[in-house]
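So the chains spell out like this:
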Amino acid sequence: MLNKLGRTTEINQDIEGREVPPGQFVTDKFPVLSYGPTPEIDINEWKFRIFGLVDGEVTLDWKQFNELPQTTLDAEFHCVTQWSNLHNTWEGVLFNDILKLAQPKAEAKFVMLHCYGGYTTNLPLEIVQDDDVLFAHSHQEKPLEPKHGGPLRFVVPKRYAWKSAKWVNGLEFMAEDKPGFWEVRGYHNAGDPWKEERFSDDLT
Ligand SMILES: Nc1nc2c(c(=O)[nH]1)N[C@H]1C(S)=C(S)[C@@H](COP(=O)(O)O)O[C@H]1N2
Ligand SMILES: [Mo]
């Protein structure tokens, strides 16, 4: 079956029989996709601010962030430009562990990720409370390279990779949804690769 953009809506399989979202091809490569330059971040000045609809705003420095419980997980990475890398080992702090620090208010239903360089992306709180969503400082057992979002990036395996914000420095809790950088420029607000939600004019 083809959708209105002429793409197949079928789920594919890779050579190991793993499922691949429709319209994606599998690669072992990890291309860099950034809008703008890689920001220069001094780790001694690095800050991560949790704010918005929370009971107490929290700002963490690099040492405090690394003292939080650490989790390693294997996850898929699906780029809207049609490549998928199925084997990524990320290490960092689960969103749900950050949530324990933040005490969001009952009205908080959405989050906005903020980044060095000004990039933003939005997600429903329910989606980021999945047990595979984390803030990662390591990839394939090595410190995350600056071009891939180091020192810290967000990772949301079940959404297209533009939701996996690089160089994060802020997590905002919001009552109402608000589109982020690519979402205002025509990318789909939800961005589920399994439903092929690439652009805001896609059928879903
Ligand atoms: N801060 C920031 N995060 C970002 C981007 C960006 O331009 N700036 N690009 C996004 C897009 S479109 C993709 S596909 C992934 C790519 O991550 P990678 O460069 O590590 O492959 O990062 C996402 N996170
Ligand atoms: Mo992307």
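See above for the structure.
The structure presented is a predicted model; accordingly, all values stated were derived computationally and were not measured.

Observations concerning the site of ligand 1
Taken together, 20 residues form the shell around ligand 1, and within it Pro31, Tyr35, His148, Arg153 and Lys166 come nearest. For ligand 1, an oxygen atom lies 2.6 Å from a polar atom in the backbone of Pro31. Compared with its free state, where it exposes 530 Å², ligand 1 has 97% of that area covered by protein. Comparing atom positions with the cavity grids shows ligand 1 to sit within the largest pocket.

Section: the pattern of salt bridges
Under the defined criterion, the tally for this structure stands at 11 salt bridges. Put simply, Arg18 and Glu76 hold a salt bridge, and the shortest N to O gap is 3.5 Å. Remark: Glu76 occurs in strand S6 (residues 71-78) and Arg18 occurs in the loop between strand S1 (12-13) and strand S2 (19-20); sequence separation between them is 58 residues. When its relative accessible area of 26% is taken as the criterion, Arg18 is described as partly exposed. Among the ionic pairs, Arg49 bridges to Glu57, the shortest N-O distance being 2.8 Å. Owing to a relative accessible area of 35%, Arg49 belongs among the partly exposed residues under this scheme. Several salt bridges share partner residues, and in doing so they unite Asp130, Asp132 and Lys158 into one network.

Focus: the environment of Arg198
Of note, Arg198 is situated in the segment after strand S13 (168-174). Measuring from C-alpha to C-alpha, the distance between Arg198 and Glu57 comes to 34 Å, with 141 residues separating the pair along the chain. For Arg198, the side chain forms a polar contact with the main-chain oxygen of Pro22, separated by 3.2 Å.

Quick look at the sheet that holds strand S8 (residues 110-115)
The strands making up a sheet associate through hydrogen bonds between their backbones, and the pairing can be parallel or antiparallel. Strand order in this open sheet of 5 strands is S5-S4-S13-S8-S9, and the pairing throughout is mixed. Across the chains shown, the open sheet's two edge strands, defined by having one partner strand only, are strand S5 (58-60) and strand S9 (120-124). For this sheet, the mean inter-axis angle between neighbouring strands, taken without regard to orientation, is 15 degrees. Pairing of S8 with S9 involves 5 bridges; the strand directions are antiparallel. Note on S9: the bridge partner recorded for Leu113 is Thr121.

Concerning the side chain of Glu197
Within the secondary structure, Glu197 sits in the segment after S13. It is Lys195 that comes nearest to the buried, bridge-free Glu197 among opposite-charge side chains, at 4.3 Å. Only 2.9 Å separates the side chain of Glu197 from the backbone nitrogen of Asp192, close enough to count as a polar contact.

Things to note about helix H2 (residues 95-102)
Looking at H2, one finds that the buried residues are Phe95, Asp97, Ile98, Leu99 and Ala102. Once H2 ends, the next one or two residues include Gln103, with phi positive near 50 degrees.

Quick look at unusual backbone geometry
Each neighbour pair has its own omega, and for Gly150 with Pro151 the value is 10 degrees, a cis peptide bond. Along the chain, Pro151 falls in the loop between strand S11 (142-143) and strand S12 (153-155). A positive phi is found at Gln82, a non-glycine position, where the angle reads about 90 degrees. Checked against the element boundaries, Gln82 lands in the loop between S6 and strand S7 (83-94).

Parameters at a glance
- Residues numbered from 1 in each chain as written.
- Chains lettered and ligands numbered in written order.
- Predicted model: local features only at pLDDT ≥ 70, side-chain atom pairs only at ≥ 80, totals over all residues.
- Heavy atoms only, no water.
- Near = heavy atom within 4 Å.
- Polar contact = N/O pair within 3.5 Å; in protein donor to acceptor, adjacent residues only side chain to side chain.
- Areas by Shrake-Rupley, 256 points an atom, 1.4 Å probe, with all protein chains shown as cover.
- 1 Å grid on protein atoms, 1.4 Å probe; cavity = no way out; pocket = protein on both sides within 12 Å on 5 of 7 lines; lining within 4 Å.
- Sits in = over half its atoms within 2 Å of the grid points.
- Salt bridge = Lys/Arg side-chain N within 4 Å of Asp/Glu carboxyl O.
- Helix = DSSP H or I, 4+ residues; strand = E, 2+ residues; numbered from the N terminus.
- Buried < 20%, exposed > 50% of the residue type's maximum accessible area, 1.4 Å probe, protein only.
- Pairing = 2+ DSSP bridges.
- Axes fitted to C-alpha atoms, helices over the stretch in contact; angles between N-to-C directions.
- Lys, Arg positive; Asp, Glu negative; His and termini not counted.

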